[in-house]
Structure formats: C-alpha cells, structure tokens
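Coordinates in review
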Amino acid sequence: MLRRERESVTVGVFELCSRRSCLKNSFGEETIMMLVGPKLVGLPFRNMKKKKSQAEEKSKQKGIFSRTAKLEVLGEYGSKMRTLSNKITEILLMCLGEDFGRKFESEFSNSEGYLRINNYSSPEIIGKDVEGLGMHTDMSCITIVYQDNIGGLQVRSKEEKWMDINPCAETLVVNIGDLMQAWSNGKLRSSEHRVVLKERKNRFSLAFFWCFEDNKVVFAPDEVVGENNLRAYKPFLCADYMKFRENSEKGKFEKVGFTVKDFAGTKNESSENSPVGRLIETREVPV
Ligand SMILES: O=C(O)CCC(=O)C(=O)O
Ligand SMILES: [Fe+2]
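Residues numbered from 1 in each chain as written. Chains lettered and ligands numbered in written order. Predicted model: local features only at pLDDT ≥ 70, side-chain atom pairs only at ≥ 80, totals over all residues. Heavy atoms only, no water.

Going by the annotation in an unreviewed UniProt entry, the name recorded for the chain is Oxoglutarate/iron-dependent dioxygenase, with Cynara cardunculus var. scolymus given as the source organism. Comment text from UniProt for the chain, heading Sequence similarities (unreviewed entry), reads "Belongs to the iron/ascorbate-dependent oxidoreductase family." (UniProt positions renumbered as here; feature names shortened; annotations may be inferred.)

Pasting the structure below:
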C-alpha cells in the first residue's frame, strides 16, 4: 500500500457527461447534463455524511438514485478504485525511478477520487466516427475506466491513429492524465482518447478520476526531471488547471490550446520523448 487507508467512504454524485444529448442515466432514469470535468460532475469520496445526504437530496429531486442501495454500491466501487489507484500510482513511480515509490508517495497522499457515470444514448445514425465523447485528455493523475461490452473507446497513437480499446471481461482501462504528465515532466504521457458509437445501443461506462488535491502545487521533483533533462512544466496550482479546462467550453474537448502544455509548458520538450511515456500511458489491468 502506498499510504494509510483513508476513512471509509460511501458516496458521490454520479452524473452523465457527454457531448451528445444523453438524457437517461444507466438506470434508465432521468439524468442531469453536466459539463465535463471531475470537479464539476462528482463529489470527492470523503466527507461522506454531509455529502451523502446532499447527494441523496439532489438525486431525489432529479429522479436519480431513488434507492440508497445504488449509492452504496457506487460508494463501494469508488472505495475499491481508490485502493487500486494507490497501487497503480505506486507502480508508476517504480517505473520512473528506483525507490521513487517510497520517496514520492507522500506527493499523492492527499489525492481525491471522482467517479463519473457516462451513459451514451443510442445514436440515431451510425457512421464511422459518431463521437459519443470527443477527443480529450483527462485532467487527472490517472483514470480507471470500466466500459460495458459495447466498445467504442479509442486511444490515439503517437502516429495519430485511432486504436480501439476493446472491452475485455474483468478488465479495466487505465489512462494517464494531465496532472501526472506534468508531475512526471512528460515522462508519463496523458493519453488522447475518445468514444465512438458504432452500434445503435446504449453504452455505459464508469470513469474514476484520481486527482491531486485542489491546493497541490504540481511540480516535478528534480529527481523525476533527471539531471540531463530540462524542466518541461512550470509549477502550477492543481485547481488553477482545473479552472483553465473547465471554464472554457473548448477546453473540454479541444486538444489545441487547452492542454497542460499550453497551460504550464516551458517549451522544453526534450523529456517528452522518453520511452517510458508511450509504453505505459494506457494499459488494461486485470483485477
Ligand atoms: O466512456 C468511456 O469509455 C471513456 C470515458 C472517458 O474518457 C471520460 O469520462 O473521460
Ligand atoms: Fe476521458
């Protein structure tokens, strides 16, 4: 374990986010359209009591989660995701350098998880590239995605080709997000991905975003940058990057002008070609 287990957690608000007009949630009930971004669509998995009642109240008003049981199942799922996120982070740190797990675990010890239910309603027309979720990078350190068996998640390769990440039983997809890209000085690359709807069926996924706390200053430690590398990102406050992305409609899906590189890049890109990045940016992890 990377760090002490946090207090147990129960609840979050789980809402739809999609560029399309998806109006039902995965339970077939009314769903609120929300802007993309973990901070806008979910509550962190903590401060449970107060947040839980707020969430239930809000859910009742909107006709979502009429039964507490659903919240509890999702809460349990979120709790497992927290544990898994810690383990994955530890492995990533180990990939970056010897003993980095022990040295830098504290940097991630106040991270928070946000869970989002994505419900893509069946497209009216199907074509090659009907996007349920346009190309984007996640703002998180890492994201753990569960997708149902419909398929459609794609990741963009270095050669700018879309590759299918096919659903696979008992398998989760792990994406590196922008915060980790900045913290690792570009050694771990935030994956560009999207969802295309290829079938006239509802598609459902759960995305768990593991993010630094709002007031964390994101800054790659010298050892992570490495003696012979230049620093690729200026230090920035996590919350400021979230705002940068969320405050702009374009920032949610447009790659150009709205990446962490645009926000905090120093134009020193030498370390961005590190072999580590592309190899572990997206990987399926059996659980
Ligand atoms: O629906 C999916 O498979 C991926 C969702 C996603 O990329 C996101 O919510 O950021
Ligand atoms: Fe994503």
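Following the structure, the description resumes.
Donor atoms from the polypeptide that bind the iron ion (ligand 2) are His136 (NE2), Asp138 (OD) and His193 (NE2), placed at 2.1 to 2.2 Å. All donors of the iron ion (ligand 2) come from a single chain, and their spacing in sequence reads H-x1-D-x54-H. Of the two residues, His136 sits in strand E2 (residues 131-136) while His193 sits in strand E7 (residues 193-196), which places them 57 residues apart along the sequence. Of the two residues, His136 and His193, both sit in the buried class. (Donors = N, O, S within 2.8 Å, 3.2 Å for Na, K, Ca; no water. Helix = DSSP H or I, 4+ residues; strand = E, 2+ residues; numbered from the N terminus. Buried < 20%, exposed > 50% of the residue type's maximum accessible area, 1.4 Å probe, protein only.)

Turning to the site of ligand 1, a few remarks are in order. Every one of the 14 residues lining ligand 1 counts as a neighbour, but Arg116, Asn118, Tyr120, Arg203 and Ser205 are closest to it. Relative to its unbound accessible area of 290 Å², ligand 1 is 100% covered by the protein chains. Looking at the shell around ligand 1, the elements that each hand over two or more residues are strand E1 (112-120), E2, E7 and strand E8 (203-211). The element contributing the most residues to the shell around ligand 1 is E8, with 4 residues. The class makeup of the residues in the shell around ligand 1 is 7 nonpolar, 4 polar and 3 charged. (Near = heavy atom within 4 Å. Areas by Shrake-Rupley, 256 points an atom, 1.4 Å probe, with all protein chains shown as cover. Nonpolar A, V, L, I, M, F, W, Y, C, P; charged D, E, K, R; others polar.)

Before going further, it helps to spend a moment on the pairing of strand E3 (residues 142-147). Counting buried positions along E3 yields 5 of 6 residues, so the element is predominantly enclosed. Bridge analysis of E3 against strand E6 (residues 171-176) gives 4 bridges, and the strand direction is antiparallel. Along E6, the bridge assignment pairs Ile142 with Ile176. The sheet contact formed by E3 and E8 spans 6 bridges and is antiparallel. From the neighbouring strand, Gln147 faces E8, where its bridge partner is Ser205. (Pairing = 2+ DSSP bridges.)

Moving on, we come to unusual backbone geometry. For Glu160, which is not glycine, the phi torsion reads 65° and is therefore positive. Relative to the helices and strands, Glu160 is located in the loop between strand E4 (153-156) and strand E5 (162-164). Note on Glu160: relative accessible area 53%, which makes it exposed. In this structure, Glu170 is a non-glycine residue whose phi angle is positive, near 55°. By the secondary structure assignment, Glu170 is in the loop between E5 and E6. Using a relative accessible area of 64% as the deciding quantity, one classes Glu170 as exposed.

What follows is about the pattern of salt bridges. Scanning the model with the defined rule gives 11 salt bridges in all. Arg156 is the salt-bridge partner of Glu160, the closest N and O atoms lying 3.8 Å from each other. For Arg156, a relative accessible area of 13% translates into the label buried. Of the charged contacts, one joins Lys198 and Asp164 as a salt bridge, the two residues approaching to 3.0 Å between their closest N and O atoms. With Lys198 in the loop between E7 and E8 and Asp164 in strand E5, this pair connects stretches of sequence that are 34 residues apart. When salt bridges that share partners are traced, they join Arg156, Glu160 and Glu192 into one network. (Salt bridge = Lys/Arg side-chain N within 4 Å of Asp/Glu carboxyl O.)

All buried positions along helix H7 (residues 238-246) are accounted for by Cys238, Ala239, Tyr241, Met242, Arg245 and Glu246. Considered in projection along H7, the buried side chains sweep an arc of 160° and stay on one side of the axis. (Arc of directions from axis to C-beta.)

Attention shifts here to the side chain of Ser111. Turning to its location among the elements, Ser111 is positioned in the loop between helix H4 (100-104) and E1. A distance of 2.9 Å separates the side chain of Ser111 from the backbone oxygen of Phe108, its partner in a polar contact. (Polar contact = N/O pair within 3.5 Å; in protein donor to acceptor, adjacent residues only side chain to side chain.)

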